[in-house]
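Below, each chain spelled out in residue letters.
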Amino acid sequence: MSGAREKKRAKKMRNQPASITLPAEPGPFPGGGSRACPPSGDVRSEQQKFLNQSSGPSYRKDQYFPKGQNRGERGRGRGGLQGGRQSISEEMPRYLTVSTFAQARAAEINAMLKAVAQRSSNSLVFQTLPRHMRRRAMSHNIKRLPRRLQEIARKEAEKAVHQKKEQSKTKCRKARRRHINLVAEFNRRQRKNIWLETHIWHAKRFHMVKKWGYCLGNSPTEKSYRACYRAMTRHCLLQDLSYYCCLELTGKENELLKQLARICSIDTGLTFEEACCLSGRFEGSLNLYRADRYPEDMLGPVTFIWKPRDGSENRHLWIWMHPALKQDILRELKAIFQCSEPEEIYIPEPVTTSVQEEKQMDGVLSLGKKRKKEDKGEKAVPVKKIIGDGTRDPFQSYCWISQTAGIVISDRTMEILRYRLIGPLSHSVLTETLKAASLQTEMADSETELNNWWVENCKDSEKVSLHQHQSAIFELLEGISSPSEMPPGTILGLTVGDPRVNLPKKKIKAMPDFEKYQDNDKVRQLYLEGVPVDCAHSFIWDQDICKNVTENKISEQDLNHMRAQLLVPGSHLDLGPCESKIPILLVQQPGKMAGEDRPGWGSGWDIYLPKGWGMAFWIPFIYRGVRVGGLQEALKHSEYQKTPHTPNDFPDCQAGVQFAKELETSLLEKFKRRPPAKRANYVKLGTLSPFVCPWGQLTKNWEGRMKASRELVRPSSPHPERCITEGHSFCDSKAEVVKEASPETCEVEETMEVTSSESALKTEDVTGTQDFGERGETMTNDFIVLRSEKLLMQLSAWCYPTAGKDRRIRLISRLGQKEMTEDVFLPILMSYPRALVWVNLSLLRKGNPELHAMICIPTEDDLLHLSKNKLFCGPQEPKHRDIFKHKVQKLKEEKKKKKKDNMKALEGDPLGVPDNEATEEHEDLILGLWADALPDVTSHCSRTLLGYVTRGDFSLAVGCGEALGFVSLTGLLYMLHNQPADKKGIVLLRTPASLQYRFARLSIEV
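Residues numbered from 1 in each chain as written. Predicted model: local features only at pLDDT ≥ 70, side-chain atom pairs only at ≥ 80, totals over all residues. Heavy atoms only, no water.

Okay, a nonpolar patch on the surface next. On the surface, Ile109, Met112, Leu113 and Val116 cluster together into a nonpolar patch covering about 420 Å² of accessible area. Positionally, Ile109 belongs in helix α4 (residues 98-117). Here Ile109 falls in the partly exposed class, since its relative accessible area comes to 45%. (Patch = residues over 30% accessible without salt bridge, like charges linked within 9 Å, V, L, I, M, F, W, Y side chains within 5 Å. Areas by Shrake-Rupley, 256 points an atom, 1.4 Å probe, with all protein chains shown as cover. Salt bridge = Lys/Arg side-chain N within 4 Å of Asp/Glu carboxyl O. Helix = DSSP H or I, 4+ residues; strand = E, 2+ residues; numbered from the N terminus. Buried < 20%, exposed > 50% of the residue type's maximum accessible area, 1.4 Å probe, protein only.)

The structure is reproduced here in structure tokens:
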């Protein structure tokens, strides 16, 4: 028998029971004891052979072994090849153990009966019949089965009844597409993630993502990257920001300002007490912190709007924030005002868009069960469309009252819709789409409440004159070339008519009319003085008016029916007194304000609307030629403005920490999905943390370097004044180390390959033991982000590039800043030992910065090489040695051994039980990633690490690679202090998956 046949037979006979057991005494077989008997079918022939052997000497070899089979291949039933080719004695056993032999046969018979009785497939009883005996009626009529199978079929039917789910009521497409059925289905689909009012429009044209409790459009499905940039630069880009959260504070002005002053600081810029913002004329923006904790415990950035004074004692304040920041800010506001929840819990009322939906409510209750069972309990979602908030439970309270100060905090999220128009022609889109509401002194219909609030206000002469003044200023916007010409944060209140009435026949591109207002003094006055305080008033602050406007909106069906009755199809539809009047609020967005290049880029207008009117304003904007953007376009907008994006670029607040954790998880999963041969080995590339920025570790290492250098300088020099005059600073010892390693690149490569990774593991006392799991927990406690405007302006002046002789001195004197000396920057280091600084980077030559790229300090040789050769791209990082490679290989071998042991255990070998403790130590090992606690991140590579890039890409605005990120304040001062005068602000950039450094210029814009 060949080897293949032997293996095949061994595989078949592996799980067969032992047939014959011999006594454990010395016998004719090697090893004694027992051996496997042939299969049960050959027992009788074996017994006949045994009798022939005992009857006389008539022994023949052919009697016991078939032709072509030798003795060594006999008796390999159970165990297969385990017995090897051991020789078997020619003598056969003299007796059999009958009890053991009978037990083995009984076990086989029981297994056979069990296999026959047990149905191994999922087929029904009638499906087990031969095909010629099957009948179609057997599936539902048990009596058509043979009598011997009817009882089994009856049990199957009873079992199926209990397990059967409710049959789905499948409707035809026409029934499913009815509006009333669609609303019920859409409500079911937005139980977990709330839809915006423009969701259906976005879902047909955008890639949708589920974030922060909402379903939002991420990016358009069409190719529109450059088109969106052109829209922001030349025309208009539209975004739906209705997912932003709004908290309204109501109370006495002094009480509000007293407590709000605890969660902000004048050191960072504006506060709630700013006079221009307090009057309600301008919108303000600031960063919030926990009460009395500045500059630690950052909460996040917000914008705020005060309601203009109307003579009442109470003031109203809107605070707008990103949904990722809402819970932290709301918790802090309730704590400082000592608010308590009311006894009655508010349940948001479902909102309908027409009166017909109210009549059809009863019929809807029986619909919407196509895929889900009937909703039971208090968690059931109403059938009418919900305009709710995805950041809170709809059955939680929305209002909190302070019994001591009388302050009321109301959650108005999704009660006010918010659209953003970005671009130089955004005001032209507004003036063409919106028309000021006409005056109305009589009710159109006494039975309805349509425009009753507007009729009452039109009877007041002061409010009529205010409305006419607001309309005149709104029309003047058409003569402005760009929104950036208006004062930053200008607020204009207005009441407009229904924009659906003014729809053009086809899409047009809104353009300004400069000739109309070329020599108008009013436009120039608007440039200089801005909008008056009185014109900032809007009826949108009144919740009763907003509710009236939402409930009395004319439906699209009624509007289309009116259009169909026009004598001239396509002519203007004049609704007269039946036209809805909608209060809105326009807020100017200043665009790029920091820096000298492209001032005012990205400016535009924000428009605030009552809920229920989202699509009524959205479609008219689309018909004026705007391009729509999503979350990615908002990210690019802030990137070109060089401003931090929420929550990506706020690593010192809880929302930023959570974002970093989610990003690390997604990038790590993406890395694991790639084949091992296609993954980048970040250990060899010298990248310790490719998927997350270890800010706490970075600031801690720079603080350790500063302390170590100060301890080295003090005892060695009895005259510290002489050290300062000779140029020995707090970091000169580290600078000498870099200087020694930089001239000879060959030696650097050898040492980096052999010793860098190993020596880095020995510096745990200096660097701390902070692994990937602990990094997120300590991220907010280890460091802060410097946001002091005074210090940032000082740093910006020190980083300013020098193009000519003594230009820096002239610039510093012009800005009123001090020269960079140790007397100036040492107090800054003592006040902020662990601080990060937001910086902008622009590559000098080719290169495209990526996420988590490393910002490093160039050596003197790098700067010298750059000054000699302007085409020098940058140095290269020597390749590191992977010290975890042998551990990963050992883990692979252990896994293979474990797999083999499992196979042995399946075969019945008791010694093959796997040892799980051996592989627990290396469970988290992944080839190419640093597995242990992070060493000193600043000195791990040949160039000293300064910080990390949070966003980077090729900039269409300047035509080169640009990046945004954070650097250590200590490292930045060290670099600027030691760099030559003509090379201030020159840094090196290296992407995580590359060894090539690129030169870039660092700047700080305030």
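Take the sheet that holds strand β3 (residues 214-220) next. Pairing is mixed in the open sheet, where 3 strands are placed in the order β1-β3-β2. Whereas interior strands pair on both sides, the edge strands pair on one side only; in this sheet they are β1 (194-195) and β2 (206-211). Relative to β3, β2 runs antiparallel, the two being bridged by 6 bridges. Counterpart to Phe206 in the pairing with β3 is Pro220. Across the face of the sheet, helix α22 (residues 631-641) comes into contact with β2 and β3 while running at roughly 70° to β3. (Pairing = 2+ DSSP bridges. Contact = heavy atoms within 4.5 Å. Axes fitted to C-alpha atoms, helices over the stretch in contact; angles between N-to-C directions.)

What follows deals with helix α19 (residues 543-551). Those residues of α19 not exposed but buried are Ile545, Cys546, Asn548, Val549 and Thr550. In this fold, the buried residues of α19 make contact with α16 (452-458), β14 (581-589) and β15 (604-610). Capping of α19 at its N-terminal end is provided by Asp542; its side-chain oxygen lies 3.0 Å from the backbone amide nitrogen of Asp544. (Polar contact = N/O pair within 3.5 Å; in protein donor to acceptor, adjacent residues only side chain to side chain.)

Alternating positions in strand β4 (residues 237-240) separate into two faces, Leu237 and Gln239 on one and Leu238 and Asp240 on the other, with burial throughout. Relative to strand β12 (residues 416-422), β4 runs antiparallel, the two being bridged by 4 bridges. The residue of β12 that forms the bridge with Gln239 is Arg420. Bridging between β4 and strand β16 (residues 627-628) involves 2 bridges; their strand directions are parallel. Following the sheet pairing, Leu237 is matched in β16 by Arg627.

One finds Trp798, Val837, Leu969 and Leu973 to be the most contacted residues of the largest nonpolar core, which totals 69 residues. Top element by residues in this core is strand β18 (residues 835-843). It accounts for 7 residues. The next biggest cluster of nonpolar side chains, apart from the first, holds 45 residues, and it includes Trp605, Trp613, Phe617 and Val626. (Core = buried A, V, L, I, M, F, W, Y, C linked by side-chain atoms within 4.5 Å.)

Right, let's talk about a positive patch on the surface for a bit. Together, Arg173, Arg176, Arg177, Lys204, Arg205 and Lys507 make up a region of like positive charge exposed at the surface. With respect to the element layout, Arg205 can be found in the loop between α8 (199-203) and β2. (Lys, Arg positive; Asp, Glu negative; His and termini not counted. Charge placed at Lys NZ, Arg CZ, Asp CG, Glu CD.)

Once that is clear, we can look at the packing of aromatic side chains. Scanning all chains against the criterion turns up 29 aromatic pairs. Each ring, one from Trp318 and one from Tyr608, has its centre 6.3 Å from the other, and the planes form 40°; the classification is tilted. Here Trp318 is found in strand β8 (residues 314-321), whereas its partner Tyr608 is found in strand β15, with 290 residues between them in sequence. Exposure class is identical for Trp318 and Tyr608. Each is buried. Ring plane angle 65° and centroid distance 5.6 Å describe the contact between Trp453 and Trp454, whose orientation is recorded as edge-to-face. Each of the two residues, Trp453 as well as Trp454, counts as buried. Feature note: the residues Trp201, Phe206, Tyr419 and Trp618 constitute an aromatic cluster, connected by ring pairs. The positively charged end of Lys553 is found above the aromatic ring belonging to Trp613, 5.4 Å away from the centroid. (Phe/Tyr/Trp six-rings, centres within 6.5 Å; stacked < 30°, edge-to-face > 60°. Lys NZ or Arg CZ within 6 Å of the ring centre and 35° of its normal.)

For the rest of this paragraph, the subject is the side chain of Thr268. Along the polypeptide, Thr268 turns up in the loop between α10 (253-260) and α11 (275-278). A polar contact of 2.8 Å, which involves the side chain of Thr268, links it to the backbone oxygen of Ser265.

The geometry of α10 relative to helix α12 (residues 326-337) is characterised by a closest axis approach of 10 Å and an angle of 120° between their N-to-C directions. Two packed elements cross with a definite hand, and for α10 against α12 that hand is right-handed. Residue-level inspection shows Glu255, Leu256, Gln259 and Leu260 of α10 in contact with α12, the latter providing Leu333, Ile336 and Phe337. (Left-handed = near helix turned anticlockwise from the far one by under 90°.)

For the rest of this paragraph, the subject is unusual backbone geometry. Following Tyr294, the chain continues to Pro295 via a peptide bond in cis, the omega torsion being 5°. Note that Pro295 resides in the loop between β6 (284-289) and β7 (298-306). Cis geometry marks the peptide bond from Thr646 to Pro647; its omega dihedral reads 0°. By the element assignment, Pro647 lies in the loop between α22 and α23 (654-673). At Asp292, a position not held by glycine, the phi torsion is positive, near 60°. Its place among the elements puts Asp292 in the loop between β6 and β7. Not every positive phi belongs to a glycine, and Met414 is a case in point at roughly 65°.

By themselves, these figures tell us nothing about what the structure is for.
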